[in-house]
Amino acid sequence: ALAQSVRLGGFELVVERSIADTRSIPETLAETGEVKLEARELSRQMGELLMLRCDVNLHTDILDTPDIFWDEERFEKIYVACRTY
C-alpha cells in the first residue's frame, strides 16, 4: 500500500507539472485560434504528453490488489484497510 501511494504520488506530481507547464497552450488556442510556438517545440511538448500518458497507462496495475492475496486471503482485509487509509 505504501509503495502504491508513493508511485501514485510520483505520477500526480509529474502530471501536475505537465499541466502547469502547458496550461497556456490551450488557453491561447481558445482565445486566439493559434498557438505561438514553433512547430518543433509544439511537437516536442505533444510527444512529452503522449509519453506521460503511456507511462501512466502502463503502470495502472499498481492499483490492483497484489497477487499474494490470491493465496493469503486472510490478509486482504488488512491490505484494503491500509490502502483506503
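From a predicted model like this one, the values you see are computed outputs, not experimental measurements. (Residues numbered from 1 in each chain as written. Predicted model: local features only at pLDDT ≥ 70, side-chain atom pairs only at ≥ 80, totals over all residues. Heavy atoms only, no water.)

## Some words on the side chain of Ser18
Filter applied, for reference: Put simply, DSSP H or I for four residues or longer makes a helix, DSSP E for two residues or longer makes a strand, and each gets a number counted from the N terminus. The classification of residues rests on relative accessible area computed with a 1.4 Å probe and restricted to protein chains. Under 20% of the type maximum is buried, over 50% is exposed, and intermediate values are partly exposed. Whether two residues are in contact is decided by their heavy atoms, any of which lying within 4.5 Å being enough.
Counting through the fold element by element, Ser18 comes out in helix H1 (residues 2–22). Residue classification places Ser18 among the buried residues on the basis of a relative accessible area of 15%. In contact with Ser18, not counting residues within four places along its chain, are Leu49 and Leu52.

## Focus on the confidence of the model for the protein
Let me state the cut-off plainly: Values of pLDDT, which run from 0 to 100, indicate the predictor's confidence residue by residue.
Chain-level pLDDT for the protein is 81 on average; 86% of the residues reach the 70-or-more range. Across the protein, element-level confidence peaks in helix H2 (residues 24–32) with a mean pLDDT of 91 and bottoms out in helix H4 (residues 68–71) with 74.

## Quick notes on the pattern of salt bridges
Just so we agree on the cut-off: We define a salt bridge as a contact between a side-chain nitrogen of Lys or Arg and a carboxyl oxygen of Asp or Glu at a distance within 4 Å.
As enumerated under the stated definition, the model contains two salt bridges in all. One salt bridge connects Glu41 with Arg44, and the closest N-O pair in it is separated by 2.6 Å. Within this pair, Glu41 and its partner Arg44 are both found in helix H3 (residues 39–58), separated by three residues, close to a single helical turn. Assessed through its relative accessible area of 40%, Arg44 is described here as partly exposed. With its nearest N and O atoms 2.1 Å apart, the salt bridge here joins Arg44 to Glu48. Highlighted residues: Arg44 and Glu48, both in helix H3, separated by four residues, approximately one helical turn. Where salt bridges share partners, they join Glu41, Arg44 and Glu48 into one cluster.

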